[in-house]
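Descriptive analysis of the structure
Single-letter residue listing:
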Amino acid sequence: MYMEFMELRENISHGTKEYPFAQYHINQGAVYFPVHWHDEAEIIYIKEGTLRISISDQEYIGNAGSVFIVNPKELHYMSAPGMPILYYTLLFPLEFISFQTEDALEMDMMRPLRSGQLLLKNDLSAHGSIHDLMAILDELIQVNCRNDSGKQIKTRILLLRFLDILVSNYAFTVPSLSGKTEMQREILLYVQQNYCSRLSLQDLANHFYMSAKYLSRYFKLHFDLTFSQYIMHLRITHAKKLLETTALPITEIALCSGFSGVSYFIRSFKDHYGISPLQYRKQETAYPRLTGAQLAESRKFSIIS
């Protein structure tokens, strides 16, 4: 059985402009969210099962009742290989709960949090007030499961209560001065910008003045994927979007997505999704034809923001 690589369209803001809060409920078998980052803060709340999480090169194992926070722009990936998992992710920009007035709260905490000069601790599972945090998250989830006209203010109040507990228990840290994370972002961004061309490991190594052998080890160590697995995921995800949103021929979709030939694309797509690209397209009842400009824009699609 193939493992499903979950899609994250991280170049698109979560939630809406009117309500910049998003809640996702993941309840399925083996999943894998490849390495990515986003501008929003993310709370991960595990209800059942076991989730492996890596945040800024620190690995955690979360079980039922575990709570994690991913700060804005922190590199992270998650997996639950071979076992059912049920958890929630809540994403929101820190501006959503910032008053942004020139007072001590803004200057000493909220602004440093938004700028990355101050970070929330990632693992809250052993937090002394974990049960209080879980109770707030349970209420927050229920509020956002209902079509409640007042849910926005309720959500902000609950998030502020959540933050208040963290403040009371000094659940903060300062970022490392190492440039390692920035280098990782630069590598991922370069791959994201060039995966539709015939980008090779050697091409990537040459760009960053590394040996291909060293870069191969670096990729696996920091991203939990080989270079070939990662670029395959980007290409397959892009091709899937084109199948869903355009009437382009399969051959053109293969070439637009960086595949060297249509046969290789069909075989790779079937290995990944269990059906051929044509079968997948037939499952769609309708799809719009994109203009040339829209198609060019669609090629920017990535799991990275």
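Residues numbered from 1 in each chain as written. Predicted model: local features only at pLDDT ≥ 70, side-chain atom pairs only at ≥ 80, totals over all residues. Heavy atoms only, no water.

A few points about helix α7 (residues 227-245)
Here α7 spans 27 Å end to end across 19 residues, near enough to the 27 Å set by a 1.5 Å rise per residue. Of all the 19 residues making up α7, 15 are buried; the element is thus mostly covered by neighbouring parts of the structure. (Helix = DSSP H or I, 4+ residues; strand = E, 2+ residues; numbered from the N terminus. Expected span 1.5 Å × (residues − 1). Buried < 20%, exposed > 50% of the residue type's maximum accessible area, 1.4 Å probe, protein only.)

Focus on the packing of aromatic side chains
What the rule picks out here adds up to 18 aromatic pairs. Ring centres of Tyr-60 and Phe-68 lie 5.6 Å apart, and the angle between their planes is 50 degrees; on these two criteria the pair is classed as tilted. Judged by its relative accessible area of 16%, Tyr-60 is buried. With a centroid separation of 4.9 Å and 45 degrees between ring planes, the pair formed by Phe-269 and Tyr-273 is classed as tilted. Of this pair, Phe-269 and Tyr-273 both sit in helix α9 (residues 262-273), four residues apart, which is roughly one turn of the helix. For Tyr-273, a relative accessible area of 15% translates into the label buried. Looking at Arg-185, its charged tip hangs above the ring of Trp-37, at a distance of 5.7 Å from the centre. (Phe/Tyr/Trp six-rings, centres within 6.5 Å; stacked < 30°, edge-to-face > 60°. Lys NZ or Arg CZ within 6 Å of the ring centre and 35° of its normal.)

A word on the confidence of the model for the chain
Put simply, the chain has an average pLDDT of 83, and 86% of its residues get 70 or more. Taken together, the stretch residues 289-295 has pLDDT below 50 and engages in eight contacts with residues farther than four places along the chain or on a different chain. Confidence drops under pLDDT 50 across residues 297-305; counting only partners more than four residues distant or on other chains, this segment forms 42 contacts. (pLDDT = per-residue confidence, 0-100. Contact = heavy atoms within 4.5 Å.)

Some words on the side chain of Asn-122
As for its position among the elements, Asn-122 is in the loop between β10 (119-120) and α2 (130-143). When neighbours within four sequence positions are excluded, Asn-122 is seen to be in contact with Ile-55, Tyr-60, Val-67, Phe-68, Ile-69, Val-70, Asn-71 and Glu-74.

Re the sheet that holds strand β9 (residues 85-92)
Pairing in this open sheet of four strands is antiparallel, and the strands run β2-β9-β4-β7 from one edge to the other. On the outer flanks of this sheet lie β2 (22-28) and β7 (67-70), each paired with one strand and no other. Looking at each pair of strands side by side, their axes are set apart by 15 degrees on average, direction ignored. Relative to β9, β2 runs antiparallel, the two being bridged by seven bridges. Across the sheet, residue Gln-28 finds its bridge partner in β9, namely Ile-85. (Pairing = 2+ DSSP bridges. Axes fitted to C-alpha atoms, helices over the stretch in contact; angles between N-to-C directions.)

A few points about the packing of α2 against helix α3 (residues 151-168)
Closest axis-to-axis distance for the α2/α3 pair is 10 Å, and the angle between their directions is 165 degrees. With respect to α3, the element α2 is oriented roughly antiparallel. Taken as a pair, α2 and α3 cross one another with a handedness that is left-handed. Residue-level inspection shows Asp-132, Leu-133, Ile-136, Leu-137, Glu-139, Leu-140 and Val-143 of α2 in contact with α3, the latter providing Lys-151, Lys-154, Thr-155, Leu-158, Leu-159, Arg-161, Phe-162, Ile-165 and Leu-166. (Parallel < 35°, antiparallel > 145°, perpendicular 65-115°, else oblique. Left-handed = near helix turned anticlockwise from the far one by under 90°.)

Focus: the packing of α7 against α9
Their axes nearest at 11 Å, the elements α7 and α9 cross at an angle of 95 degrees. Our classification of the angle between α7 and α9 gives roughly perpendicular. Only Tyr-264, Phe-265, Ser-268, Phe-269, His-272 and Tyr-273 of α9 make contact with α7, whose side of the interface consists of Met-232, Ile-236, Ala-239, Lys-240 and Leu-243.

Structural notes on the environment of Arg-52
The topology assignment puts Arg-52 in strand β5 (residues 51-55). When its relative accessible area of 22% is taken as the criterion, Arg-52 is described as partly exposed. For Arg-52 and Met-78, which are 26 residues apart along the polypeptide, the C-alpha to C-alpha distance reads 5.6 Å. Residues contacting Arg-52, with those up to four places away along its chain left out, are Glu-59, Tyr-60, Ile-61, Tyr-77, Met-78, Ser-79 and Asp-224. A polar contact of 3.0 Å, which involves the side chain of Arg-52, links it to the side chain of Glu-59. (Polar contact = N/O pair within 3.5 Å; in protein donor to acceptor, adjacent residues only side chain to side chain.)

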